[in-house]
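# Tertiary structure, described
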Amino acid sequence: AKGVLHRDLKPANVMIDGAGMVRITDFGLAVLAGDERGRGLVEGTPAYMAPEQLAGGEATAKSDVYALGLVLYELFTGVRVWKPNDLGHLRQLHATTTPDPPSTHARALDERIERAILSCLSRDPARRPRSPISVAAALTGADPMAAALAAGEMPTPEMVAASGGEGTLSRTMAGALVAAIVALFVALMFVAPRASLYGHVVIDK
């Protein structure tokens, strides 16, 4: 949201302060979005880099989203996605291997969280969420509308649909509302002729 690319997001750089707030730290490799510095250089922690970043390509918000997916994967499962022997092995894993679903390691994991994490870990940057705000909106318990509006983003139709959630109305309440609407329409059938103009005008034919 601030136009800053961290480029080295990993668990060691995510801290909890005394008030219980999450703080991202260590902006030593951070650049402004669109900054040409570092293009062609592999800087950061290889195990938490996106494939395009590891190949020396330009770092983008989608690169940080990939790293966020790695952090979330580790947070929810306690297992690292990649366990390479060296940098060459890591590049090979990126090119030939798909991460195991998080539910492989945490069976009780909500499938919506799993989908959000795996979408971050897509090898193709175009298929990843466009921003961390979109990831937050996809996580269970999040308020996607509030997250999008706080970031100044236009909520997508998917966010709007997700914001209501399931079970907002009980079956009893929903049934009572439907019955009330039907009763209102029946009442209107009797009241309308007396309340409308044609009900008070005598027409011969």
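Bear in mind that the values here come from a model prediction, so they are computed numbers and not experimental data.

Taken as a whole, the largest pocket spans an internal volume of roughly 1,100 Å³. L9, I24, D64, L68 and P132 are the residues nearest the centre of the largest pocket, which is lined by 30 residues in total. It is helix α2 (residues 61-77) that provides the largest number of residues to the lining of the largest pocket, a total of 8 residues. Class assignment for the residues of the lining of the largest pocket results in 22 nonpolar, 3 polar and 5 charged.

By the definition in use, this model includes 2 cavities of 30 Å³ or more. Put simply, the second largest cavity is a space of about 50 Å³. In terms of lining, the second largest cavity is formed by A47, Y48, L70, E74, R80, V81 and W82. Of the residues that constitute the lining of the second largest cavity, the class distribution is 5 nonpolar, no polar and 2 charged.

To continue, consider the environment of M49. Mapped onto the fold, M49 is located in the loop between β4 (31-32) and α1 (51-54). Given a relative accessible area of 1%, M49 falls into the buried group. Expressed as a C-alpha distance, the spacing of M49 and A59, which sit 10 residues apart in the sequence, is 9.6 Å.

Looking now at the nonpolar core. Membership of the largest hydrophobic core comes to 25 residues, with the highest contact counts inside it found for Y66, L70, V81, W82, I117, L121 and V135. Of all elements in the fold, only α2, α3 (87-96) and α4 (111-120) reach the threshold of two or more residues within this core. The dominant element in this core, judged by the number of residues it contributes, is α2, at 8 residues. Not counting residues within four places of it along the chain, the set of residues in contact with L121 comprises Y66, G69, L70, Y73, V81 and P99.

Turning our attention to the side chain of S122. Within the secondary structure layout, S122 lies in the loop between α4 and α5 (132-138). Residue class for S122 comes out buried when judged on its relative accessible area of 14%. With residues up to four places along the chain from it excluded, the contact list for S122 reads Y66, R127 and R128.

The grouping of V178, V182, V186, M189, F190 and V191 at the surface amounts to a nonpolar patch, some 610 Å² of accessible area in total. As for its placement among the helices and strands, F190 is situated in helix α8 (residues 171-195). Note on F190: relative accessible area 60%, which makes it exposed.

Backbone geometry at R7 places phi at a positive 70 degrees, although glycine is not the residue there. Relative to the helices and strands, R7 is located in the loop between β1 (4-5) and β2 (14-16).

Cut-offs used in this document
- Counting from 1, residues in each chain are numbered in the order their sequence is written.
- Selection of residues for local features in this predicted model requires a pLDDT of at least 70, selection of side-chain atom pairs for listing and counting requires 80 or more, and totals for whole chains, interfaces and linings are taken over all residues.
- Each side-chain value is worked out from all heavy atoms of the structure, with water and hydrogens disregarded.
- Using only the protein atoms, space was sampled on a 1 Å grid; points where a 1.4 Å probe fits but cannot get out form cavities, open sets with protein on both sides within 12 Å along at least five of seven lines form pockets, and lining residues are those with an atom within 4 Å of a point.
- Grid points are joined across faces, edges and corners, and a volume is the space filled by probe spheres set on the points.
- Labels follow the DSSP assignment, with helices taken as runs of H or I lasting at least four residues and strands as runs of E lasting at least two, numbered in each case from the N terminus.
- Only Asp, Glu, Lys and Arg are considered charged, only Ala, Val, Leu, Ile, Met, Phe, Trp, Tyr, Cys and Pro nonpolar, and every remaining residue, Gly among them, polar.
- Working definition: with a 1.4 Å probe on protein chains only, accessible area under 20% of the residue-type maximum means buried, over 50% means exposed, and in between means partly exposed.
- Among the buried residues, those of types Ala, Val, Leu, Ile, Met, Phe, Trp, Tyr and Cys that are joined through side-chain atoms within 4.5 Å form a nonpolar core.
- Only heavy atoms enter the contact rule, under which two residues are in contact if any of them lie within 4.5 Å.
- Put simply, a patch holds well-exposed residues, over 30% relative accessible area, that have no salt bridge, with like charges counted together within 9 Å and Val, Leu, Ile, Met, Phe, Trp or Tyr side chains within 5 Å.
- Accessible surface is estimated by sampling points in the Shrake-Rupley manner with a 1.4 Å probe; for residues, cover comes only from the protein chains shown.
- Salt bridge, as used here, is a side-chain nitrogen of Lys or Arg placed within 4 Å of a carboxyl oxygen of Asp or Glu.

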